[in-house]
Amino acid sequence: MADAVVLLLFLVLSHSLSCSSSPTTSVPVVRAAVDAEHDYTFVAISSLKPKAACTGHRVSPPHGHQNATWLRLSLSHGPCSPPSSHRRKGPSLAELLRQDELRVQNIQMTLLSAGDDDNAADDEKVKKHPAKSTTTAMEHGPVVDVNVGSASSISTSRIDPMATGGGDRRRRSMPGTVQTMMVDTASDVPWVQCHPPPTGGSRFFDPTRSPTYAPFPCGSPACARLGPYGNGCINGQCQYRVTYPDGSSTLGTYSSDLLTITRTTAVRSFQFGCSLAEQGLSQASSSSSGTMSLGGGPESLVSQTAATHGNAFSYCVPPTPSDAGFFVLGKPPSSRTRTFVATPMLRFTQAPTLYRVLLRGITVAGQRLNVPATVFAAGSVMDSRTAITRLPPTAYQALRAAFRSRMGAYRLAPPKGSLDTCYDFTGVMVVRVPRVALVFDRNAAVELDPSGILLDDCLAFAPNGDDRAPGIIGNVQQQTIEVLYDVGGRSVGFRRGAC
């Protein structure tokens, strides 16, 4: 409410000043000035900062999904995050950018080693070539709560004694152990922590307490499908291993059990890694107890539930940690899909985990950047956990120049890591920010929320090392937008102002 009041006062003052201008001003000139203002948005600086308490959903959650399951989603650190993690301090900007760069490098190394950018790979070809993991040991990103196992969660889950809130109580009334899991579109193998952390106090899944838990035998088809994630056998049980780019890893037994998503939706033979060791991962500071993998490989949740949920999912990342977003497993009804702008989903034959789109251009304040189409030819990976969007250097330089020229009224500040266009907004309550839109193939123009343009008072984009490398669309740019991954229909949709 305070943000809205500040912005309203600013707009009233601006209107008063425009009304006091010379009465001889011609109508066309006034109309042109109004049209020009539509290319900018006035942003209260305080609206980009998290509040001390969770404010919930800014927009009413979507309803009416066919074969769809809706879950509350939050950022991993902050007042809206699950009780198991919201009191942990999130990473600093410097640490976030460091972890972000590791993930970017790993995604690009995966594509480089694959050496294949065939955008017409058919489903059978995709299934034959499982990709290596692009997961990173990042401690930030979007998270959801689910329940794993069939035992009573009240007696078997390690509930944080300080946990409060209706959502947590509702989850504890469902079967199994509550697990806070990272939503990851660039990995295939879901996994949960199956041992108590040395520091204690964190939720974990104890397989001995779930009567429906079953490890896969070494010779099973599920074990064979693990491909590069397979890690041999122990006592006849299939083992998995997921390695992160910094050398850390999770390993354990590949298993199945009940996954309860909501009171009315469950996956009865959910396949996942039961992690018995996390090498090099800091459980003391980790904000989640596992990864909800949603990549294109056969092991992911979206692939496992394709028959029941239409091989589709969507999510909306909130603008700040004090706001709530949502995750939907399934496809919206046709009446709602018309509210999305859509672009084709492309796949890498040798890296089927990743979802790719073609960025065709960028507009700043209504003006399309003069960037040759060939600069975007490599496409961009859609990723839920990379924070900062990576652009080809030529495109980034054009964006930076256009943005700086339209932000000339504000003082530049020193760079912050990979963010090289930062501002000193000391004493500034409302900022006039040029609108920025990403234009994807088939003219799918997606205007970014102000929270997707500025991060910590800096332009929230960074350049790739090479124009030939694929870009990455990060979750900062996705904030407040419902992103629909229609894997079966081979399209990616965008709906603005969704959360």
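Not measured: the values here are computed from a predicted model.

A. The arrangement of the pattern of salt bridges in detail. Applying the stated rule across the entire model yields 18 salt bridges. The salt bridge partner of R103 is D383, with a shortest N-O separation of 2.6 Å. Of this pair, R103 sits in helix α3 (residues 93–114) while D383 is found in the loop between β19 (380–382) and β20 (389–391), placing the two residues 280 residues apart along the sequence. The class for R103 is buried, based on a relative accessible area of 0%. The salt bridge partner of R209 is D206, with a shortest N-O separation of 3.4 Å. Ionic contacts of the salt-bridge type, sharing partners, join the residues R103, D184, D383 and R385 into one network.

B. Focus on the pairing of strand β25 (residues 444–447). Burial of β25 is one-sided: the residues A444 and V446 facing one way are buried, the residues A445 and E447 facing the other way are not. Pairing between strand β24 (residues 436–440) and β25: 4 bridges, direction antiparallel. Each residue of the ladder has a partner; that of F440, found in β25, is A444. What sits between β24 and β25 in their antiparallel hairpin is a turn of 3 residues, with R442 showing a positive phi close to 65°.

C. Region of interest: the environment of F340. Tracing the backbone through its elements, the reader meets F340 in the loop between α10 (334–337) and β14 (341–344). Here F340 falls in the buried class, since its relative accessible area comes to 9%. Through-space distance from the C-alpha of F340 to that of V483 is 8.8 Å; in sequence the pair is 143 residues apart. With residues near it in sequence (within four places) discarded, F340 still touches P332, E482, L484, G493, F494 and R495.

D. Spatial organisation of the UniProt feature "active site" (unreviewed entry) in the chain. Here the UniProt feature "active site" (unreviewed entry) sits at D184 and D383. Maximum C-alpha separation among the annotated residues is 7.4 Å over a sequence range of 200 residues, consistent with a single clustered spot. Owing to a relative accessible area of 0%, D184 belongs among the buried residues under this scheme. A polar contact is formed between the side chain of D184 and the backbone nitrogen of A186, at a distance of 2.9 Å. Taking the relative accessible area as the measure of exposure, D383 reaches 0% and is therefore buried. Non-local contacts of D383, meaning those with residues more than four positions away in its chain, are made with R103, I107, D184, T185, A186, Y315, I472, I473, G474, N475, Q478 and Y485. Of note is the side chain of D383, whose polar atom sits 2.6 Å from the side chain of R103.

E. Geometry of the packing of aromatic side chains. For the coordinates displayed, the defined rule picks out 13 aromatic pairs. A centroid spacing of 5.5 Å and a plane angle of 85° characterise the contact between Y410 and F425, whose relative ring orientation is edge-to-face. Taken together, the residues Y410 in the loop between α11 (393–406) and β21 (411–413) and F425 in the loop between β22 (422–424) and β23 (430–434) connect sequence positions 15 residues apart. Each member of the pair Y410 and F425 is classed as buried.

Calculation rules
Note that residues are indexed from 1 along each chain, following the sequence as it is written. Restriction of local features to residues with pLDDT of at least 70 applies here, the model being predicted, together with a cutoff of 80 or more for giving and counting side-chain atom pairs; totals for whole chains, interfaces and linings are based on all residues. By convention in this description, side-chain values take in all heavy atoms of the structure and omit both hydrogens and water. For this document, the term salt bridge refers to a Lys or Arg side-chain nitrogen within 4 Å of an Asp or Glu carboxyl oxygen. Helix numbering and strand numbering both begin at the N terminus, where a helix is a DSSP run of H or I of at least 4 residues and a strand a DSSP run of E of at least 2. The rule is simple: take the accessible area with a 1.4 Å probe, protein chains only, and divide by the maximum for that residue type; under 20% is buried, over 50% is exposed, in between is partly exposed. Two strands are said to pair when DSSP picks up at least two bridges between them. In this description, contact between two residues means that some pair of their heavy atoms is separated by no more than 4.5 Å. UniProt positions are given in the numbering used here, feature names are shortened, and annotations may be inferred rather than shown by experiment. Side-chain atoms alone can form a polar contact between residues adjacent in sequence; in general such a contact is a pair of N or O atoms within 3.5 Å, and within protein one must be able to donate a hydrogen while the other accepts it. To pair, rings of Phe, Tyr and Trp, with the six-membered ring standing in for Trp, must have centres within 6.5 Å; the planes then decide the type, stacked if under 30 degrees apart, edge-to-face if over 60, and tilted in the middle.

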